[in-house]
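What the coordinates show
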Amino acid sequence: MPTEQTGYDPSLGRKFVFVTGGVMSGLGKGITAASTGRLLANAGFDVTAVKIDPYLNVDAGTMNPFQHGEVYVLKDGGEVDLDLGNYERFLDTEMTSDHNVTTGKVYREVIEKERAGDYLGRTVQIIPHITDDIKRRIREAAAGSDVCIVEVGGTVGDIEGMPYLEALRQFAHEQDDEDILFTHVTLVPYSKNGEQKTKPTQHSVKELRSIGLQPDILVGRCADPLDDQTREKIALFCDVPTDAVFSNPDVADIYRVPLVVEDEGLDEYVMAQLDIDGEALPPEERDTVWRETVTREPEGSVDVALVGKYGLEDAYISIHESLKHAGLEKRVDVDRQWVHSEDLADGHDDQLAGVDGVVIPGGFGSRGTEGKVEAIRYCREHDVPLLGLCLGFQLSVVEFARNVLGLEGAHSAELDEGTPHPVIDLLPEQKRMEDMGGTMRLGAHETDLREGTLARELYGAPTCTERHRHRYEVNPEYIPALEDAGMVFSGTSGNRMEVLELPDHPYFLGTQFHPEFRSRPTRVSPPFVGFLDAIATAETPARVGGDA
Ligand code: GLN
């Protein structure tokens, strides 16, 4: 029965797997959850996910990548937590911002309703108003799917997470026609004498039970698989059957977690508990593409430099993953090296000597941009394959304007307001809009790809649809001069330049959009595949000063 407060019809999306974490954050509960989802999808189910972030930010748009990792962009333009990227990659699905529930979103909605008088003078409280809104969001995001995985960020006991756990408790209590499973992921550390310790798990389950939640499944994150004795102990003290205690040992690569989870039988257990095992495809008919893809053995390796300002993998996680996907497809191990753009001041491009290719990621603000321009010049002059993404695309235009067109001081108006040559700038129509805010171009937009170009060949189609997150554009006044000097704008969207390339170079490709947000292990983004192809066929003089 729908609750009166929410008035929401839960006729769709009746199978939920709630995932909480204990002991400490960063255990990889999102990967465990996404891996379980992948296996359910392999068994023929339509799986979706909701990530709950108990912070007060409305979305991740304003968050600093250094603290929180990359801001992931969805097709609807939602700027969300990077975990949504993992769900999209593992489930090979496209989600919307409704799949990222934050405290900011929930409170804003409830407060706006209160201001509008919707609560008819009642006292507005965390229970029931906030908890009802949380439940409504989860059910709405699940609508249309067979199974919805709901991951609660943070760890049990965090003050911010309390309203969510209370909402989940009510959720389980109020619906007879929904199947709900609570999975708790905890840490099982080793003691000095090599014993697997269960006390942290016991304490965290105790905490969970004190707020009325009894886990159905426990997953122990440990360096190794859990011993039988450890599992029995956890089962006894946490009040679950022994076969509901699973291991999630360390693996070389996150994409292998679904294989481990499958070996453990977690997927079968989940399906049985959700009462969908009867509808699952028989094991021999399940989708094996994932397993085949992620277990490909590399036949060689390449060194790729990522020239960014944050020396932190999480800040560029989607690029990192896209390179990995392309590596799986091409059967090469992509050794990703982080090069701090600030270190690449004039003449210090020796850090790039010997690399097989360079990726320049997106970014905001001027810090480190001169180093990126330097890296682009290096790639252009030494025929080193280059992939420039968003800011990397824009700085490729800046570099070309300065060093090929001879426009001294050329820059992006975002980074140097007083530049004599704003080759990257807001478009006139954006300048008019600026006063009203909202100049950021976000989400999926279509790009036309010009016949006979590399971009068209890579995508194998006259258009591509990719996600965006930027404000500035190539200044139309400079396009004729750039083109006369040999830069080709092979992708456009109206008067916006979307893709650039240099035909005389082994691979010099820039995209104003972010292809990294749509790459999947099983469906690799074309610019990344092309990049590795070019590296494979590049003649080695590129390795100036290198070991070739
Ligand atoms: N700062 C640039 C702009 O706003 C590029 C943004 C990005 O790289 N995501 O246009």
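Refer to the structure above for everything that follows.
Here goes a summary of the coordinates provided. Please read these numbers as outputs of a predicted model, since none were measured by experiment.

**Concerning helix 9 (residues 257-264)**
Buried within helix 9 are the following residues: Val-257, Pro-258, Leu-259, Val-260 and Val-261. Looking at the buried side of helix 9, the elements it contacts are helix 1 (29-42), helix 3 (83-91), strand 9 (245-249), helix 10 (266-273) and helix 11 (289-294). At the C-terminal side of helix 9, Gly-265 shows a positive phi close to 80 degrees.

**Some remarks on the pairing of strand 17 (residues 463-470)**
Of all eight residues in strand 17, six are buried; the element is thus mostly enclosed. Looking at chain direction, strand 16 (residues 441-449) and strand 17 are connected through eight bridges and run antiparallel. Across the sheet, Thr-447 pairs through a bridge with Cys-464, a residue of strand 17.

**A closer look at the sheet that holds strand 8 (residues 217-222)**
The sheet built from seven strands is open, its strands ordered 5-2-6-1-7-8-9 with parallel pairing. One side of each edge strand has no neighbouring strand; the edge strands of this open sheet are strand 5 (100-102) and strand 9. Within this sheet the neighbouring strands show an average axis-to-axis angle of 20 degrees, counted without direction. The pairing of strand 1 (residues 15-21) with strand 6 (residues 147-152) spans four bridges and is classified as parallel. Among the inter-strand pairings, Val-17 is bridged to a residue of strand 6, identified as Ile-149. Helix-sheet contacts for helix 1 involve strand 1, strand 2 (47-53), strand 6, strand 7 (179-187), strand 8 and strand 9, and the interaxial angle to strand 6 is about 175 degrees. Where helix 10 meets the sheet, it contacts strand 1, strand 7, strand 8 and strand 9, and its direction lies at approximately 160 degrees from that of strand 8.

About the criteria used
Residues numbered from 1 in each chain as written. Predicted model: local features only at pLDDT ≥ 70, side-chain atom pairs only at ≥ 80, totals over all residues. Heavy atoms only, no water. Buried < 20%, exposed > 50% of the residue type's maximum accessible area, 1.4 Å probe, protein only. Helix = DSSP H or I, 4+ residues; strand = E, 2+ residues; numbered from the N terminus. Contact = heavy atoms within 4.5 Å. Pairing = 2+ DSSP bridges. Axes fitted to C-alpha atoms, helices over the stretch in contact; angles between N-to-C directions.

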